Amino acid sequence: MKEIMKTLVRTGPGSPTGQLLRRYWVPVLLSSEIAEPDGPQVRVKIMGEQLLAFRDSEGRPGLISEFCSHRGASLFYGRNEDNGIRCSYHGLKFDILGRCTDVPQAPQVCERMAITGYPCIERAGMVWAYMGPKDQQPEPPGVEWANLPDSHVFVSKRLQECNFLQAMEGGIDTSHVSFVHKFEVDNDPFHQGVKALDYIKKDGNVVFEIEKHDGGLTLYGRRNGEPESYYWRITQWIFPWYTLIPPFGEHALGGHVWVPIDDENCWAWSINFHVDKPLSAEERHHLEAGRGIHSPYVPGTDVPGGSFRPLANKDNDYLIDRVAQKERRTFSGVFGFSAQDASLQESMGPIQDHEQEKLLPSDRGIVMARRMLHEATVGLDQGQRPPGLAPRTQHVRSAGVLLPREQSPQDWARDHLVYGEGDPVYSL
Amino acid sequence: MKEIMKTLVRTGPGSPTGQLLRRYWVPVLLSSEIAEPDGPQVRVKIMGEQLLAFRDSEGRPGLISEFCSHRGASLFYGRNEDNGIRCSYHGLKFDILGRCTDVPQAPQVCERMAITGYPCIERAGMVWAYMGPKDQQPEPPGVEWANLPDSHVFVSKRLQECNFLQAMEGGIDTSHVSFVHKFEVDNDPFHQGVKALDYIKKDGNVVFEIEKHDGGLTLYGRRNGEPESYYWRITQWIFPWYTLIPPFGEHALGGHVWVPIDDENCWAWSINFHVDKPLSAEERHHLEAGRGIHSPYVPGTDVPGGSFRPLANKDNDYLIDRVAQKERRTFSGVFGFSAQDASLQESMGPIQDHEQEKLLPSDRGIVMARRMLHEATVGLDQGQRPPGLAPRTQHVRSAGVLLPREQSPQDWARDHLVYGEGDPVYSL
Amino acid sequence: MKEIMKTLVRTGPGSPTGQLLRRYWVPVLLSSEIAEPDGPQVRVKIMGEQLLAFRDSEGRPGLISEFCSHRGASLFYGRNEDNGIRCSYHGLKFDILGRCTDVPQAPQVCERMAITGYPCIERAGMVWAYMGPKDQQPEPPGVEWANLPDSHVFVSKRLQECNFLQAMEGGIDTSHVSFVHKFEVDNDPFHQGVKALDYIKKDGNVVFEIEKHDGGLTLYGRRNGEPESYYWRITQWIFPWYTLIPPFGEHALGGHVWVPIDDENCWAWSINFHVDKPLSAEERHHLEAGRGIHSPYVPGTDVPGGSFRPLANKDNDYLIDRVAQKERRTFSGVFGFSAQDASLQESMGPIQDHEQEKLLPSDRGIVMARRMLHEATVGLDQGQRPPGLAPRTQHVRSAGVLLPREQSPQDWARDHLVYGEGDPVYSL
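With an unreviewed UniProt entry as reference, chain A is termed Rieske 2Fe-2S domain-containing protein, source organism Ramlibacter pinisoli.

Here it is as structure tokens:
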């Protein structure tokens, strides 16, 4: 495991895990960060690559190297006009794919002056890029929320100051909900009167079953429900960086994407959505305020190209409140799902020292995910196609459901969680 | 000497000097930083180890690893209740000695989940830990001020941003008093009318004699006194990090402890005390204001677990005042004994480059201390017991005294500075 | 070229390029930073050396090691009095050449306690030091502006946060004027009604000719002028770090010096001057406000020994204004010649990655300068005298001039740009 982890935490250009992740569509930034054609370009770093995102005169998003091929000056100080960015130092110009379209001093050398450029698409108010080999570009992402009308989806991103894997593992490992998030579920106004909270409070002893499938893992958490039934909370991990949260009552469904900025930072994308109706004004207001799984930011950082650093962060001990902790209004002293996760995961160090960890039987979910990612990394090197590239394998949902005690949740899931259009959501 | 110094400045776990220092009781933090049972735990770093101090339900101080053995999350975000700290990530619980007392998911593995923990005692308003091998724990520290009633002692700590050794060497090397502290002695209201200051001003040419003893060094500084006598100022260095300052008149006695935070920072503990009476309200007010050998702090840093960074620090050139320097109200432009020492010692770099230093005959005191520390380090490696562990060897005092010119100060010291209860203090 | 650059960017003590640069007089700080005899000493770093500048009791500037030879304490906290700096730790004293003039504890060891000290001269309101071998000290610098009355010259310095070479290359490579500075020339009030600006706007296609001479390079930029003439803008690069800017109309002449602070920072000195008359009050006011080639500073940094960091700097994206950029009031969004240059040159990284650069034919000027510097470095190692040490070779001017189309600018320059006293300036 220790050897596996040394590989999995490295995602820079040329690294084995970096090559694997570059075979999938990568969420890069919010579409609203490059809102206008020919508007300001913004810097963005993904898997260690310093890139520049912009929208060209025709409204197409582009993601190119931040630096000019000539002398290495930043194109952030260039001009975005006439379908390209012109470097301010000597006037070289590049289009959305990084092709050089003008060298004023020597037009004949254009072709050899090209810079890195990645094809982009837009889904769910996000710009996604494909950063892998040109001939291997997959179909657009199949995760449900990326294929709904904008009205149905709310997306935010926040900086998390640790390796993407130790952040994602928090999304897979739902057993931690019973500790750091223990008193937090009561703080959400959309959780009022939700029946399932009673089951959770009455039975703190969750039993987990985990199932491997083509596109990832399904994690089943069992608690006592009614006398004849169990209450199952079903979580999904989808290759290579998606997690889906089991829903409560009428609350919007939720999920995350965990994308490496570099090996010591990641973007924690948080998504809420309804599959069959728009988010209400009240819901949207709640989410925009940074509640639920979202975050309020350090003022001025949630701007195009900004750091999107949470207001509660490691420099202020996540605004820890020892009085509230003593009064059991928060388990750890930190408020907010995201800040609670970040406080613990970032405290493990920018990259957790896996030499020191002592895994428990309850860590089976993250151990399986680590192994699957590593097998995919090794497989890619041996010429195998990465798992989960077919949109079909991403067509899964999370759920909360009461099932008769004798029923296998896996059997139920096969019928109900690989969804098609119009299929109902299971939540209580 | 250069080779010796390479060893002496390194005190992390496993380092030869680190192993020596871990054989003594280590001042860790103020008792007031963990004032209440089950109150907030605080982070503290000692000799490169990231630790957590807390007071359990029974009021006992504990010092344990900051990080959970399971996934490495910080226990700073845990809950201090029911005689232990519970990790907020997955609920593992640890007592004041680092023993794991609960693993909710797998109670059977408790024993192998233990983390580092060090036994603690409290003396002089400070928490002290023993960080060495379990079977080698020495008797509690014998230094005088650590064994007086709280009413007789005032203790403060401040961050010094350099290696502990170059800070401690300033405490041993009293010849620097004639320069950087030259005009400072006049600034202390408790020095008014003190006879000894006349001797110091009249005779700037101090002559030093140094004597090695079981527990450290005694340094004798000779100046002309009355026609028939010498005025002797006698300083003590006690293994491995204590220094005692010669007193003036009725002024409280003073001393320091120099404890490595890591190799580039140390805690400078400053102590004032009377051996036979409480500090007066006026004295205590003076010391609490950061005067004498104490320091005012950057506001907000003198809180539990805070940095205790002096207001005058390297980022503001120690509030240097060139006008006051020109007017000879301060020798170097910096005010305050501590800031004067810190400004020079920190300016030598986080770890002084000993390849570059050119020692003078007047450096004999620090050379002897370095050699004694190094011999103890080598001796420990060869199975010898470190010096100065017996409290008796720490029963020494500093003094200021007029002696007939023909009298040997060493003879006098043997009779008067290895003290017992009720022995008088020699100060003028 | 890549191998050459690895050598050229390193200027610390003992480095080949560092040894070359140390053969020339080095601008160190403003004379006004050490205005008074026995006034406050200031820290200054040049080519990686941490130094202390001060003016002694007789008014002579001194440049010595910042650190005492004894224990390594900073002499910044020493006393500047009686023709030397006395260390505040143990009282050692040093004169302007670093000779030790007092060791209170051991006068007999004075000689072996000397520290580094460099001879200084003052020209153009600047202190210059000679940091090379004692027997190789050259004649004072011959560049024109360093030999004019103070009334004729205005000098400022600013921190540039990149290697000196990539800063200097901007001064040699005038082709970038057509891009980042494109709209800036119109913003200078002293450019109003200048005829040459019409030529520049009408002919954007500059053609360069470059000529090597004993002391550096002359760069000729040709544009169409009147029907029968060309408008030539003639730039000078003088060994090892001087550049001269072609003048406009009655505007003061301009130039720069690019001096390494360390390998990742440099001082960009900016000079304006008239060769035959004082700067007017209006001109001086304009320059002191940080206009033209000068910079406004982060408040509080333009003080003796300060950082002289420009107000527009990399931490604030050089105060980029995307609206002004869109409105074509600034090409890159950044305002001010210096900030425009710094924004691009600093964006290339503290030391440009020369492995990545792809030079164009239009980079011939900087390629020639790189090769000449490298040849001089290699030559020095082989015992050759560095070029451009004779003041005569520095007696060159920049110019802007209309010449008949058939006339060779090189022929013209030989007669008109190697100037003597009273020779006219060519500017239009």
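K.L.:
Could you give me a rundown of the interface of chain B and chain C, with the residues and numbers involved?
P.N.:
Taken together, the 36 residues of chain B in the interface contact 32 residues of chain C. When the buried surface of chain B facing chain C is broken down by residue, Arg322(B), Lys358(B) and Leu360(B) rank first, second and third, together holding 25% of it. Here chain B is connected to chain C by four salt bridges. Linking chain B with chain C are 19 residue pairs in polar contact (both at pLDDT 80 or more). Among the secondary structure elements, those contributing two or more residues to the side of chain B that touches chain C are helix H3 (164-172), helix H6 (322-326), helix H7 (337-347) and helix H8 (364-381) of chain B.

K.L.:
Tell me about the packing of aromatic side chains, residues and numbers included.
P.N.:
Remark: the centre distance and the inter-plane angle together describe each pair of aromatic rings, the angle taken between the planes. The full count for this structure, using the stated rule, is 42 aromatic pairs over all chains. Between Tyr297(A) and Phe308(A), the ring centres sit 5.5 Å apart and the planes meet at 90°, which makes this aromatic pair edge-to-face. Of this pair, Tyr297(A) sits in the loop between helix H5 (281-288) and helix H6 (322-326) while Phe308(A) sits in the loop between H5 and H6, and the two are eleven residues apart along the sequence. Residue Tyr297(A) is classed as buried on the basis of its relative accessible area, which comes to 17%. When the centroid spacing of 4.9 Å and the interplanar angle of 45° are considered together, the rings of Trp237(C) and Phe239(C) count as tilted. You can call Phe239(C) buried: its relative accessible area is 1%. Following the ring pairs from residue to residue traces out a cluster consisting of Phe76(A), Tyr77(A) and Tyr318(C).

K.L.:
Please set out helix H8 (residues 364-381) of chain A residue by residue, giving values where relevant.
P.N.:
Residues and elements named next belong to chain A. Taking 1.5 Å of rise per residue, the 18 residues of H8 would be expected to cover 26 Å, and the 26 Å separating its terminal C-alpha atoms lies within 8% of that figure. When we look at burial in H8, the residues that qualify are Gly 365, Ile 366, Val 367, Met 368, Ala 369, Arg 370, Met 372, Leu 373, Ala 376, Thr 377, Gly 379 and Leu 380. On its buried side, H8 packs onto helix H1 (2-8), helix H2 (16-21), helix H3 (164-172), strand E13 (207-213), strand E14 (216-224) and strand E15 (229-238). Of the residues flanking the end of H8, it is Gly 383, one or two places downstream, whose phi is positive at about 90°.

K.L.:
Can you tell me about the relation of the copies chain B and chain C, naming the residues and giving the values?
P.N.:
For the pair chain B and chain C, the best superposition has an RMSD of 0.1 Å and corresponds to a rotation of 120° with a translation of 0.1 Å parallel to the axis. Here the copies are linked by what is in effect a three-fold axis. Of the C-alpha atoms belonging to chain B, the one lying closest to the rotation axis is found on Asp315(B), 11 Å away.

K.L.:
Residues and numbers for the environment of Asp173(B), please.
P.N.:
All names here are of chain B. With respect to the helices and strands, the residue Asp 173 is situated in the loop between H3 and helix H4 (196-202). You can call Asp 173 buried: its relative accessible area is 6%. Considered as a pair, Asp 173 and Val 155 are 18 residues apart in the sequence and their alpha carbons are 22 Å apart.

K.L.:
Explain the pairing of strand E3 (residues 49-55) of chain B residue by residue, including any values.
P.N.:
Residues and elements named next belong to chain B. In terms of burial, E3 is largely enclosed, as six of its seven residues are buried. By the bridge criterion, five bridges tie strand E2 (residues 42-46) to E3 in an arrangement that is antiparallel. Looking at the pairing, Arg 43 lines up with Leu 52 of E3. Direction of pairing for E3 relative to strand E4 (residues 61-65): antiparallel, over a ladder of five bridges. Its bridge partner lying in E4, Arg 55 is registered against Pro 61.

Parameters and conventions
- Residue indices follow the written sequence of each chain, beginning from 1 at its first position.
- Note on labels: chains are lettered from A, ligands numbered from 1, in written order.
- Reporting of local features is limited, given that this is a predicted model, to residues whose pLDDT is at least 70; pairs of side-chain atoms are given and counted only at 80 or more, and all residues count toward the totals for whole chains, interfaces and linings.
- To get the side-chain values, all heavy atoms of the structure are used, and hydrogens and water are removed first.
- Note on contacts: a residue pair qualifies if any of its non-hydrogen atoms lie within 4.5 Å across the two residues.
- By buried area we mean how much accessible surface two parts lose on assembly, using a 1.4 Å probe and totalling the loss over both.
- A pairing counts as a salt bridge when a side-chain nitrogen of Lys or Arg comes within 4 Å of a carboxyl oxygen of Asp or Glu.
- Within 3.5 Å is the distance limit for a polar contact, defined as a pair of N or O atoms, with the added protein rule that one can donate a hydrogen and the other accept it, and that residues adjacent in sequence qualify only through two side-chain atoms.
- Numbering of helices and strands runs from the N terminus; a helix is a DSSP stretch of H or I covering at least four residues, while a strand is a stretch of E covering at least two.
- When two rings of Phe, Tyr or Trp (its six-membered ring) have centres within 6.5 Å they constitute a pair, described as stacked for plane angles under 30 degrees, edge-to-face for angles over 60, and tilted for the intermediate range.
- We call a residue buried when its accessible area falls under 20% of the maximum for its residue type, exposed when it is over 50%, and partly exposed in between, using a 1.4 Å probe and counting protein chains only.
- The span one expects for a helix is its residue count, reduced by one, times 1.5 Å.
- To line up the copies, we fit them by least squares on C-alpha atoms, keeping just the residues with pLDDT of at least 70 in both.
- Strand pairing follows a simple DSSP-based rule, namely that at least 2 bridges must link the two strands.

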